[in-house]
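Listed below are the residues making up each chain.
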Amino acid sequence: MASLIRSWIPLLILQSFLVAIAFGSKEAEEFSEALLLKPLPDRKVLAHFHFENRAPPSNSHGRHHHLFPKAISQLVQKFRVKEMELSFTQGRWNHEHWGGFDPLSSMNAKPVGVELWAVFDVPQSQVDTSWKNLTHALSGLFCASINFLESSTSYAAPTWGFGTNSDKLRYGSLPREAVCTENLTPWLKLLPCRDKDGISALMNRPSVYRGFYHSQRLHLSTVESGQEGLGSGIVLEQTLTVVLQPETTSVETNMQPSWSLSSLFGRKVVGSCVLAKSSNVYLQLEGRLGHESKNVDTEIEAHKLWKNADFDLSLKPDRVLRESSSLLFIFDIDKSSDSEPFDLGLTWKLPSKWSCQQAPLQATRFLMGSGNERGAIAILLKATESQEKLPGRVVTDGRCTIKANIFQIFPWYVKVYYHTLQIFVDQQQKTDCEVLKKINVSPSTDKVSSGMLEMMLELPCEVKSAAISIEYDKGFLHIDEYPPDANQGFDIPSALISFPSHHASLDFQEELSKSPLLSSFKEKSLVRSYTEVLLVPLTTPDFSMPYNVITITCTIFALYFGSLLNVLRRRIGEEERFLKSQGKKTFGLKQLLSRLTAKIRGRPIEPPSSDSPAAQSSFLSSKLIFKIILVAGAAAAWQYFSTDN
Amino acid sequence: MEETSDRLNPTTDTSGVTPEFDPKTMRSTKPGLKRLFITTSVLFSFLLGVPFLWKSVEIYRSPLPFHDIDSLSDQIESTPLRFPCNLHAVFVGFESKDPDNLRSQIQDGINQLTHQSSQCGSCNVSISVTVQNLAEQCLETLAHNPSTCSYRCGVIIRNEFGVGLDDTVDESLNDVFSGCSENSGKTYSVVVVNKENANGEDEVIKAVVGKRRHAWVVGSGLEERYGDIVARVSEIFVKVFMNGGRDEESIHGEFMPVGSDGKIVLSFSLLNSNPRDWVYDWDFQRIDDALLAPVTKALAPIANISVESQVLYHTPKSSFSSWDEKLQSYIFRTSDLPFFVNSNEWHLDTSAGASGRSKILQFVVYIPSGKECPLLLQLPNGEISKTNGFISPMWGGVIVWNPESCDKDSESPIRNTISPQDLEQIVEIFLGQFRQLFGFKSEAIYTSGLGTYKILPSERGFTEWELDVLSRKHTCFNLHSCSTTLGSLSRLVRSLPRMIIKDEIGEQVKYSLKAAKLAQSNASLGGYSSSASSSREARSLAENAFFHPSIMSVSYFSYEHCFAVYSPFFLPVVGHIVLAAFREWKRYRQEKAKYLTWLTRKKTA
């Protein structure tokens, strides 16, 4: 069949080899997978899946790929994304129990719903269009309504409050987005092994979504090659963080629950993803080091670490690393197979208690005020126990201070009065200049853009609590702008509290820092925490109101018009003559009406030459009573039937 | 109140003036007109207001040229588009032939071959014949088309022609006919050389079709069999140059895998069915640069082609295969092909940001897993397919590539790269499939009833005359799809009388029709590229109009809604007015009758 082409192919073989020589050997695309397991103090277990895919600098991005997902690369090429992070989260990170001062929480504790931020590599004027196109593309890629972030009322351009300083940064979040398996499947599609093989095979949807917290994150950044004429490399980091509750059979309440991978996920790992450069499982135990000796050279000592009086591990770790306050067991899952699946288990023997390191201040946010007209938003920062021990205090002018950045987006229908900003430190109101170091406000414009508030507070180290309150009026939306479930209320996205002088990092002093997970822990990351999402009830109109108004107005107009017309063509003289001639025979309503009209017009009643008015009135009243009863009966029937249905 | 007092008068002096005056049946004064006038004027003002109201609730609909759309589709249906083509036949070494006679014979032959198929994209032939006799003197037909190539007499030397490689002959012919002007359609030339019968034996007639637009027939003793030769010349022209040597049945000419923006994305995917058995990778960048770039360059006038590739893992096929003991391999049959592509697991899609409205052709290399290796395709006649692949029109093609050895030696999977030789073979099959998607065959020999023709392949995948065929078909396809799109748009618009149609849509339809007209006129003048580009424009404008966002979200303000809003006002008011006017009119007639009877009574009295 192909003999036609076959005849000229040999001519080109030579050429193709020449090309190959010219290009030389290139760096290859790399993929690695890792799973970090960590028992939490409140009897839960954290599982953190970490996948990293690196594409080396090349000119063929978006065109030829081996491991790296083509779709992501095309996205980066098309929208000139420099850095981007997209997260889908369900549940709220418990900063008190699950930690707030380690790289894991500062990177993976995300606000509820969808959060997207991106830095673009385009001229300033095109950033907004790039952002809009990117939201649409991501929306299609991840089966989510990220395209709602397109409208300028839903995103903001943070200057310094977000942590990344760039004027080409855009940030937006959708607190109401429901996150479920339809978002996870496209996310998994970006992994070379999807959930068919390797660590990701553990992602059994029912067990993953049963957890207390679930956050799926995609972070990509481009790495400049530095070489002339060569494109930039891309690093794609995908993480999934879940907090699960192991099922316990023990009756002792202070005993930590024992678990294994199969009991947590309902599945076992039957081998690594063959495409991964490294695939490891880590188990991190916190607060375990106080009494144990420092050197673990001997075999017995090492053995003691994973089978001791406190707990038992079901598998022997390949290596053990230690940090100031935690132990890290490393398992290589390459050796596991179908016949011998990797099923790590942890059995506690003695009750054990420890606490996680917390951020210097713990933030909560709430609404104040009542009614549908106005209110106030308050952010409360409370000192945590571990505050004194933390590094990162700044001593300026002989005073010890903690810096805290607050970044908050207000939708335009929450009309914030920035002059009402009040700051209380330890229940005492402070003037702005005392604690407020820097503030950046961009007010909202109705139906055009959302408002943004960035503040840098400098609080004294011995602070117990700090509160910030700001008042707002609730705006009115156009009837078209209400969402389908308007009575539920409107969400104000989470505020971000970050501590610019505090950086979290975990350094296991691992010379083999080839593991991407450990090297990402080693990097100093800004300590940050997100507050709750607020639900603001706005005045919602009765959506059938326009029709009611139309109907009532029309009826009134019709009545007015009809009566005017009747008055215009009325012949009073003739009627009177008629009445006179009919006088003897007319009783009842007509007479009553004529009397009534006469009364209204203020004329003296010409008493009709009538017989006994008593008889007449009795006749009248009986008819009237009948009518009233009829109407009342109809009303009662209506009421009965309408309530019945 | 004047009227009432007037009317009171008769009652007061009834008994006095006329004893026969009956107040019940007659009246003495003229009935008044004031009330009648008021009520009728109100009624009329309402009636006058109705058109204004109608106008105010009317929905904006840009006027679409329905008539033009219908006439365009009628025209495309009834008179297929034809391009002017020139055929220049040169007979070398023919002694006693009249060129005009030959011309009419060739014309007859062409008519015979084309009369049954006057499909879109065929040629409007004009023929010129040159006969060069043994003394190297030429006789030419009076060319009614002055722009055809002028053949310089004696350039082709009878006995030296056709010696050597076919490729060099093709090149030399290109030099001979290099003076061709191209402004009124393409010129195809067929050279017939009657050689001296040197050996005395009956030599076989050799017919070759070149890479450009030339063909030649070489043989000896052709003068005697010239009827046969004339038939072959017309056959070369009709079957090869005009129809591209393809079967009419294979793929219908109306399908062209080109997106409406004139782009094709060739998406190559290497599917490792089970990476636990083996993992194969390829160096596609090299293939792209070396082998695919010339093809995309050659096809540039037809479509803007971009190439991308990816490697996917864990992608089992969704049909079953069975073990064949005799062949020592797994077999899948042609009946399984509809189920071979596993749309659940093969996520071949490119990103939404990349494509737009371009056509994506998927080319898939499937590497079977250890459980189904080697995997072979069995044809319906029981043979094993040589290419081990298949195409799906308008979607792309699939090739099953079996690794060298199907034994899994070690526990850990081996990571291999497909060798350049294998990869080139795969690309050969790809190109064959690609040609097939465009409707061309990939055989070097075209056989017809009269004999066989050798077809010289081009390094670029497509020869020039094939590209001509494609460009004609492309114009046709674009115009056809433009007319069907506009036709369905007009049907849709006419079926929904209360749908908003923006001006933008109207403009797009207008421009699309204009571009279609331009394409038709360009085609009839022989401008291949200009007609292709304007037909592409026509098609993309038509699709833009059809897929305009304002049409997709139909804002449908229904009649029911209208009634619900306006009836609470208009029903009671109109009732009042009509009734009042009616009553007043009735009363006026009554009173007038009364007055008339009184008048007659007075007259008689």
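Residues numbered from 1 in each chain as written. Chains lettered and ligands numbered in written order. Predicted model: local features only at pLDDT ≥ 70, side-chain atom pairs only at ≥ 80, totals over all residues. Heavy atoms only, no water.

## A closer look at the sheet that holds strand β1 (residues 82–92) of chain B
Residue and element names in this part refer to chain B. Where we set the bar: Here, strands pair whenever DSSP counts at least two bridges between them. The way it works is that DSSP assigns letters per residue, a run of H or I at least four long becomes a helix, a run of E at least two long becomes a strand, and they are numbered from the N terminus. To get an axis, fit a line to the C-alpha atoms, keeping to the stretch in contact for a helix; angles then go from 0 to 180 degrees between the N-to-C directions. When checking whether two residues touch, look at their non-hydrogen atoms; a contact exists if any pair is within 4.5 Å.
The 8 strands are arranged β3-β2-β1-β4-β6-β5-β18-β17 in an open sheet whose pairing can be described as mixed. The outermost strands of the open sheet, each flanked by one partner alone, are β3 (138–140) and β17 (445–448). The mean inter-strand angle of the sheet, taken between neighbouring strand axes irrespective of direction, is 20 degrees. Bridge count between β1 and strand β4 (residues 186–195): 8 bridges; the pairing is parallel. Paired with Ala89 across the two strands is Val190, which belongs to β4. Strand contacts of helix α6 (residues 166–176): β4, β5 (206–209), β6 (214–220) and β18 (451–455), with the helix running at about 115 degrees to β6, the strand carrying the most contacts.

## Observations concerning a nonpolar patch on the surface
Residues and elements named next belong to chain A. To be explicit about the condition: Patch membership is restricted to residues that have no salt bridge and whose relative accessible area is over 30%. Joining uses 9 Å for like charges and 5 Å for the nonpolar side chains Val, Leu, Ile, Met, Phe, Trp and Tyr. To measure how exposed things are, a 1.4 Å probe is used in the Shrake-Rupley method; for residues, cover is taken only from the protein chains shown. Whenever Lys or Arg places a side-chain nitrogen within 4 Å of a carboxyl oxygen from Asp or Glu, that contact is recorded as a salt bridge. The buried label goes to any residue with under 20% of its type's maximum accessible area, the exposed label to any with over 50%, and the partly exposed label to all in between, with areas taken from a 1.4 Å probe on protein chains only.
Nonpolar side chains collect at one region of the surface, where Leu593, Leu596 and Ile600 lie side by side and expose about 320 Å² of accessible area between them. Looking at the secondary structure, you find Ile600 in helix α15 (residues 588–601). Residue classification places Ile600 among the exposed residues on the basis of a relative accessible area of 69%.

## Observations regarding the UniProt feature "transmembrane region" (unreviewed entry) in chain B
All names here are of chain B. Heads up, the rule is: UniProt positions are given in the numbering used here, feature names are shortened, and annotations may be inferred rather than shown by experiment.
According to UniProt, the "transmembrane region" (unreviewed entry) feature falls on residues 36–54 and 563–582. In residues 36–54, the share of helix is 100% and the share of strand is 0%. The end C-alpha atoms are 27 Å apart. The span residues 563–582 shows a helical share of 100% and a strand share of 0%, and its end C-alpha atoms are spaced 25 Å apart.

## A closer look at the sheet that holds strand β19 (residues 414–425) of chain A
Residues and elements named next belong to chain A. Reading across the sheet, the 5 strands line up as β15-β16-β23-β19-β20 and stay open at both edges, with antiparallel pairing between neighbours. Here the strands that pair on one side only, and so sit at the sheet edges, are β15 (361–368) and β20 (428–430). With direction set aside, neighbouring strand axes in the sheet form an average angle of 30 degrees. Relative to strand β23 (residues 465–474), strand β16 (residues 374–383) runs antiparallel, the two sharing 9 bridges.

## Concerning the interface of chain A and chain B
Operational definition: Within 3.5 Å is the distance limit for a polar contact, defined as a pair of N or O atoms, with the added protein rule that one can donate a hydrogen and the other accept it, and that residues adjacent in sequence qualify only through two side-chain atoms.
Taken together, the 58 residues of chain A in the interface contact 67 residues of chain B. Applying the counting criterion to the chain A and chain B interface returns 8 salt bridges. Linking Arg569(A) and Glu584(B) is a salt bridge whose minimum nitrogen-to-oxygen distance equals 3.0 Å. Where chain A touches chain B, the interface holds 24 residue pairs in polar contact (both at pLDDT 80 or more). Broken down by secondary-structure element, the contributors of at least two residues to the side of chain A that touches chain B are α1 (3–6), α2 (9–23), α3 (70–79), α13 (545–568) and α14 (572–582) of chain A.

## Some details on the side chain of His548(B)
Residues and elements named next belong to chain B. Within the secondary structure, His548 is located in the loop between α13 (528–546) and α14 (549–552). Residue classification places His548 among the buried positions, given a relative accessible area of 8%. When neighbours within four sequence positions are excluded, His548 is seen to be in contact with Lys502, Glu504, Ile505 and Gln508.

## Here's the deal with the nonpolar core
Side chains that are nonpolar tend, in soluble globular proteins, to be buried together. Quick reminder of the rule: Buried Ala, Val, Leu, Ile, Met, Phe, Trp, Tyr and Cys residues that are joined via side-chain atoms within 4.5 Å together make up what is termed a nonpolar core.
Counting residues in each nonpolar core, the largest one holds 125 residues, and the members touching the most others are Phe49(A), Met84(A), Phe329(A), Leu299(B), Phe434(B) and Phe438(B). Counting residues per element, this core draws most heavily on helix α10 (residues 420–437) of chain B, at 8 residues. Core analysis: the next-biggest nonpolar cluster, separate from the first, contains 59 residues, Tyr188(B), Phe241(B), Met242(B) and Met499(B) among them.

## Digging into the pairing of strand β13 (residues 375–378) of chain B
Residue and element names in this part refer to chain B. Residues Leu375 and Leu377 point to one face of β13 and Leu376 and Gln378 to the other, with burial holding for every one of them. Of the pairings in the sheet, the one linking strand β11 (residues 329–333) to β13 comprises 4 bridges and is parallel in character. Paired with Arg333 across the strands is Gln378, a residue of β13.

## Digging into the environment of Arg528(A)
Residue and element names in this part refer to chain A. Looking at the secondary structure, you find Arg528 in strand β26 (residues 525–530). Looking at Arg528, the relative accessible area reads 14%, which means it is buried. For the pair Arg528 and Gly100, spaced 428 residues apart in sequence, the C-alpha separation works out to 7.8 Å. If we skip the residues at most four places from it in the chain, Arg528 touches His95, Ser106, Phe162, Gly163, Leu496, Ile497 and Ser498.

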